[in-house]
Amino acid sequence: VSVSRAIKPFAEPGRPPDWFSQKHCASQYSELLETTETPKRKRGEKGEVVETVEDVIVRKLTAERVEELKKMIKETQEKYRQLKKDAELIQAGHMDNRLEELCNEIMMWVI
């Protein structure tokens, strides 16, 4: 229960209401355990840290999230560049014939 409550504030828009139920979280975790390769145990000195399945899952999900965030940053930067370019064209008077259309597009983003 505590895991499902703890991650609920980080929900992505559009998730169904039962996405963070205790049962669903348990099934997702079980699926992660089944699809993740178990790391091979190495014989080593005492005190050597051995990678666990949980460590593999955390590393994999962290890498995936980093890639998602990089993609989101790139898309946001591209959108910013386009908006900046449009603003410059509007200020220069080159977009007067499209002002109403641009205004409608902006209103769609805000909503």
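Residues numbered from 1 in each chain as written. Predicted model: local features only at pLDDT ≥ 70, side-chain atom pairs only at ≥ 80, totals over all residues. Heavy atoms only, no water.

### Quick word on the overall build of the protein
As a reminder, the rule being used: Put simply, DSSP marks the helices as runs of H or I at least four residues long and the strands as runs of E at least two long, and each gets a number from the N terminus on. Each radius of gyration is computed over the set of C-alpha atoms, and the globule rule expresses the reference value as 2.2 Å times the number of residues to the power 0.38. Under the scheme applied here, a residue whose accessible area is under 20% of the maximum for its type counts as buried, over 50% as exposed, and between as partly exposed, the area being computed with a 1.4 Å probe on protein chains only. Contacts between residues were defined by any pair of non-hydrogen atoms, one from each residue, lying within 4.5 Å. Here the accessible surface of atoms and residues is derived via Shrake-Rupley with a 1.4 Å probe, and residues count as covered only by protein chains that are part of the display. In this count, Lys and Arg are taken as positive residues and Asp and Glu as negative ones, while His and the chain termini are left out. Here the site of a charge means NZ on Lys, CZ on Arg, CG on Asp, or CD on Glu.
Assigned secondary structure in the protein consists of four helices and zero strands. Each helix and strand of the protein, ordered N terminal to C terminal, gives the series α-α-α-α. The C-alpha atoms of the protein give a radius of gyration of 23 Å, which is well past the 13 Å a tight globule of 111 residues would have. Expressed as lengths along the three principal axes of its C-alpha atoms, the size of the protein is roughly 75 × 35 × 20 Å. Out of the 111 residues belonging to the protein, those deemed buried represent 11%. In the protein, the proportion of contacts linking residues at least 24 apart, taken out of those at least 6 apart, comes to 14%. Element-wise, carbon and sulfur atoms account for 57% of the exposed surface of the protein, whose accessible area totals about 10,200 Å². For the protein, the separation between the mean place of its 20 positive charges and that of its 21 negative charges on side chains is 6 Å.

### A look at the pattern of salt bridges
Worth spelling out the cut-off: Salt bridge, as used here: a side-chain nitrogen of Lys or Arg that lies within 4 Å of a carboxyl oxygen of Asp or Glu.
One pass over the structure, following the stated rule, counts four salt bridges. The partner of Arg-98 in a salt bridge is Glu-105, and the shortest N-O contact between them spans 3.9 Å. For Glu-105, a relative accessible area of 32% corresponds to the partly exposed category.

### Concerning the UniProt feature "coiled-coil region" (unreviewed entry) in the protein
To keep it simple, the criterion reads: UniProt positions are given in the numbering used here, feature names are shortened, and annotations may be inferred rather than shown by experiment.
Under the UniProt annotation, "coiled-coil region" (unreviewed entry) lies at residues 59-93. As a span, residues 59-93 carries 97% helix and 0% strand, and end to end its C-alpha atoms are 51 Å apart.

### A closer look at the environment of Glu-68
Checked against the element boundaries, Glu-68 lands in helix H3 (residues 53-92). Sequence separation of Glu-68 and Leu-89 is 21 residues, and the distance between their C-alpha atoms is 32 Å.

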